[in-house]
Amino acid sequence: MTTAMNVLRRLRTRAQATGLTREFYTDEDIFDLDLNFIFYREWLFAAHTAELPRKGSYVTLQIGAYPIVLVRAADGSIRAFINSCRHRGYRLCPEPQGTASKLVCPYHQWTYNLDGRLFAARQMGSGFDRSLYGLKRVHCETVAGYIFVCLASEAPDFTPTYNQLEPYLAPHRIADARVAFESTIIEEGNWKLVWENNRECYHCSANHPELAKVYPDTPTITSVSGAAGDPKVVEHWHQCESLGLPSRFHLSDDGQLRAARMPLLGPAVSYTASGQSAVKRPLSDDIPRGANIGALLIFHYPTTWNHLLGDHAISFRVLPLGPTRTQLTTKWLVHRDAVEGVDYEVEELTRVWLSTNEQDRRIVHENQIGMNTPTYEPGPFSHTEESGVGQFVDWYSRLLDRRLSTAAAACPLPSPEKVFADWLRSLPRDADLCAAAQEQVALIDRRASHHPDVQFLRTLLAAVTGDGTWRKPFANL
C-alpha cells in the first residue's frame, strides 16, 4: 500500500503532455500494481476463435501468474479455465495448442471434461466428491472472431466493448479465417514502452523502411485526433461506407478502444513491398473483390492492436513478463480456403511486419536502457506527432489512479501519528530512544518511504530528545 500511495502522488503531479517518470518502467512493485490493478481486472485479448476450429481444440497462454487454457467445448462454445490441475496444481496443457477429447493431467491423470468438470480421478476413495474439483473458470467472451478473457472475480460488463467492436470487425469475417503464420518475440522493455512506441509514427520514416513504403506516417492517421479534418481520410471513409463498411474514427469514452479505417499510401492495398495484395483470395467474401479499403486500425488497451485489410488481417497481443520484459505475439490471418503456395507465400505475407517488429524490438530495448538511467527525466511529447502516446499515458494514469484510490478508500492508511505511536510501543522499555529514532529515520531514508506524509513522520521521529516531553502529544494514541 505504501508503494500505491507513492504512485498516486506521482500520477497526480505528472506534467500534462509529458511521459511517466522512470520508476513506472523499471520498478518491480509498480509492475505488480500494473498486473493486479490492470491486467488482472480488464478484458484482455487472448486468441481468435478460428484457432479453435473443432470440439476439443485448445490454446494456452500465460497472463502474469495465471496459466490459461481456452477450449472449444462439446456444445461449440469457447470456455476459459485456469490451466492447473485441481489435484496438485500441475499444468494440464503444457503445449501452446492442441486437440483433446478430454483434458488429462500428465502428472496423476486426473481427467476433465471440455466444460471443466472433473470426469475421473484415480484411487481417491469412496468419499471423494468429483463435483467439488472442476477446473477454475475464467470469464470469457467472443466478438467477431476475437476471444477476450478477464481474470477478475467479477468482470466488467463486456457489452460496451462488444457493441463498439462488432460493427467494424464483422465484415472481415475473422471467425471464418485461419492463422497462416504466428510469431512471438520478447521485447526487452516495459509493456508501456511497447505501447508508447506503437502509438506514434514519429519514428517510422527513420526506423521502418519496409513499412514506410505503404503506411503513411501522417499524424491524422497514426494519432487519435485530426482525422476528421483530413480530406484524404474523409474521402476514404465515404468510399468504404458506400461498401457498407463502418469506417469513421471512434474512440471509446474511457479511451481504451479505438477503431478507424485509414488509407494506405497511394495505390497500396496491402502490407507488401509492392503495395499489392499479399493474398490472391480476399479475406472476406462480404467485401467486394478489388476494393481498396485501406487498413482498419483497432486498439484495445492493454493487450491488442490490429490491422485488417482486404486480403488479410494482423493481430498483435501484448503480455507483460516483468518490469523490463514483454511478450509480443503477432498472427497473420487469411481466408480459411486460401492455399499457401497458390494464393499466397508466407514470406511475402509477413515480410513487412516481421521486419517492423524486429526494428521495434531494438527500439524498445534501447529505450529501456536509457530509461534505466537514474538521471532520466521525461521530456514533453510532440503536439503534432505524439498525441497518441499522450492518450495512452493518460488512459493508463486515469485507470490506475481510479483503481488505487478505490483500494485506498477501502483500506485507509493509519495516520502518521498512529504509525509513530505503534513504533513507540514496539520499543523495549530500556531502549535508547534517541538511537532508535535515528535508526528509524535512516531506515525511512534508505527505503525512500512512501508513507502519505513521510516528512511529518520523519519530523516526529527526529523530535525524540530523551527528556520525555515528546511523549505528551501521543499519550492517548
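Residues numbered from 1 in each chain as written. Predicted model: local features only at pLDDT ≥ 70, side-chain atom pairs only at ≥ 80, totals over all residues. Heavy atoms only, no water.

Draft legend 1. Just the overall build of the protein, in detail. Looking only at helices and strands, one finds 13 helices and 17 strands in the protein. Here the protein holds 477 residues, and the buried ones make up 51% of them. The contacts in the protein between residues at least 6 apart in sequence include a share of 68% that link residues at least 24 apart. (Helix = DSSP H or I, 4+ residues; strand = E, 2+ residues; numbered from the N terminus. Buried < 20%, exposed > 50% of the residue type's maximum accessible area, 1.4 Å probe, protein only. Contact = heavy atoms within 4.5 Å.)

Draft legend 2. Looking closely at the nonpolar core. The biggest cluster of nonpolar side chains holds 88 residues, and the ones touching the most others in it are Leu70, Tyr271 and Tyr396. With 9 residues, the top contributor of residues to this core is helix H10 (residues 387-410). Residues Phe148, Cys150, Ala152 and Tyr168 belong to the second largest nonpolar core, which totals 21 residues. (Core = buried A, V, L, I, M, F, W, Y, C linked by side-chain atoms within 4.5 Å.)

Draft legend 3. Here's a closer look at the pattern of salt bridges. Evaluation of the coordinates by the stated rule reveals 17 salt bridges. Here arginine 10 and glutamate 23 are joined by a salt bridge, their closest N and O atoms 2.6 Å apart. Note that arginine 10 is positioned in helix H1 (residues 2-12) and glutamate 23 in helix H2 (residues 23-26), a separation of 13 residues in sequence. Judged by its relative accessible area of 17%, glutamate 23 is buried. Notably, a salt bridge pairs arginine 351 with glutamate 347, separated by 3.5 Å at the nearest N-O pair. Within this pair, arginine 351 and its partner glutamate 347 are both found in helix H9 (residues 346-371), separated by 4 residues, close to a single helical turn. According to the relative accessible area criterion, arginine 351 is partly exposed, its value standing at 31%. A relative accessible area of 57% means that glutamate 347 is categorised as exposed. Through salt bridges with shared partners, one network takes in Arg173, Asp176, Asp286 and Arg336. (Salt bridge = Lys/Arg side-chain N within 4 Å of Asp/Glu carboxyl O.)

Draft legend 4. Up close: empty space enclosed by the protein. One pass over the structure, following the stated rule, counts 2 cavities of 30 Å³ or more. Along the walls of the largest cavity sit 27 residues, with Asn198, Tyr215, Trp305, His307 and Trp353 positioned nearest its centre. When contributions to the lining of the largest cavity are tallied by element, the ones reaching two or more residues are helix H5 (191-198), helix H7 (219-222), strand E14 (295-300), strand E15 (304-308) and H9. Tallying contributions element by element places H9 first for the lining of the largest cavity, with 5 residues. Here the residues of the lining of the largest cavity sort into 13 nonpolar, 9 polar and 5 charged. Here the second largest cavity defines a volume of roughly 40 Å³. For the second largest cavity, the full set of lining residues is Tyr146, Phe148, Leu165, Leu169, Ile298, His300, Thr304 and Asn306. Elements with a minimum of two residues in the lining of the second largest cavity: strand E10 (146-150), helix H4 (159-169), E14 and E15. Residues that form the lining of the second largest cavity fall into these classes: 5 nonpolar, 3 polar and no charged. (1 Å grid on protein atoms, 1.4 Å probe; cavity = no way out; pocket = protein on both sides within 12 Å on 5 of 7 lines; lining within 4 Å. Points joined across faces, edges and corners; volume = space filled by probe spheres on them. Nonpolar A, V, L, I, M, F, W, Y, C, P; charged D, E, K, R; others polar.)

Draft legend 5. Geometry of unusual backbone geometry. Residue proline 302 is bonded to the preceding tyrosine 301 through a cis peptide linkage, with omega at 5 degrees. Tracing the backbone shows proline 302 in the loop between E14 and E15. A positive phi angle, near 65 degrees, is found at glutamine 109, a position not held by glycine. With respect to the element layout, glutamine 109 can be found in the loop between strand E6 (103-104) and strand E7 (111-112). Overall, the relative accessible area of 33% leaves glutamine 109 in the partly exposed class. The phi torsion at glutamine 123 lies on the positive side, around 50 degrees, for a residue other than glycine. Looking at where glutamine 123 falls in the secondary structure, it is placed in the loop between strand E8 (118-120) and strand E9 (137-143).

Draft legend 6. Up close: the state of the cysteines. The final tally for this structure, using the stated rule, is 1 disulfide. One disulfide bridge connects cysteine 201 with cysteine 204, the sulfur atoms lying 1.9 Å from each other. One disulfide, between cysteine 201 and cysteine 204, carries an S-S torsion of -100 degrees and so falls in the left-handed class. Like cysteine 204, cysteine 201 is buried. The thiol of cysteine 85 is not disulfide-bonded; the next cysteine sulfur, from cysteine 105, is found 3.9 Å away. (Disulfide = S-S within 2.5 Å.)

Draft legend 7. Molecular detail of the sheet that holds E6. Taken together, the 3 strands give an open sheet; going across it, the order is E6-E7-E8, and neighbouring strands pair in antiparallel fashion. Edge strands, defined here as strands with exactly one partner in the open sheet, are E6 and E8. (Pairing = 2+ DSSP bridges.)

Draft legend 8. The sheet that holds strand E5 (residues 97-99), seen in detail. Ordered in space as E1-E10-E9-E4-E3-E2-E5, the 7 strands form an open sheet in which the pairing is antiparallel. One side of each edge strand has no neighbouring strand; the edge strands of this open sheet are strand E1 (44-48) and E5. Strand-to-strand twist of the sheet, defined as the mean angle between neighbouring strand axes without regard to direction, takes the value 30 degrees. Relative to E9, strand E4 (residues 78-82) is paired through 2 bridges, and the arrangement is antiparallel. Bridge pairing in E9 places alanine 80 opposite valine 138. H4 rests against E9 and E10 of the sheet, and its axis sits at about 40 degrees to E9. (Axes fitted to C-alpha atoms, helices over the stretch in contact; angles between N-to-C directions.)

Draft legend 9. Main features of helix H3 (residues 28-39). Along H3, the positions that sit buried rather than exposed are Ile30, Phe31, Leu33, Asp34, Leu35, Phe37, Ile38 and Phe39. Where H3 begins, the side chain of aspartate 27 points an oxygen toward the backbone nitrogen of aspartate 29, at a separation of 2.9 Å. (Polar contact = N/O pair within 3.5 Å; in protein donor to acceptor, adjacent residues only side chain to side chain.)

Draft legend 10. Just the packing of aromatic side chains, in detail. Evaluated as defined, the whole model comprises 26 aromatic pairs. Arranged with centres 5.2 Å apart and planes meeting at 25 degrees, the rings of tryptophan 305 and phenylalanine 316 form a pair that is stacked. Here phenylalanine 316 lies in strand E16 (residues 313-322) and tryptophan 305 lies in strand E15, a separation of 11 residues in the sequence. Judged by relative accessible area, which is 7%, tryptophan 305 ranks as buried. The aromatic ring of phenylalanine 119 is capped on one face by lysine 102, whose charged end is 4.6 Å from the ring centroid. (Phe/Tyr/Trp six-rings, centres within 6.5 Å; stacked < 30°, edge-to-face > 60°. Lys NZ or Arg CZ within 6 Å of the ring centre and 35° of its normal.)

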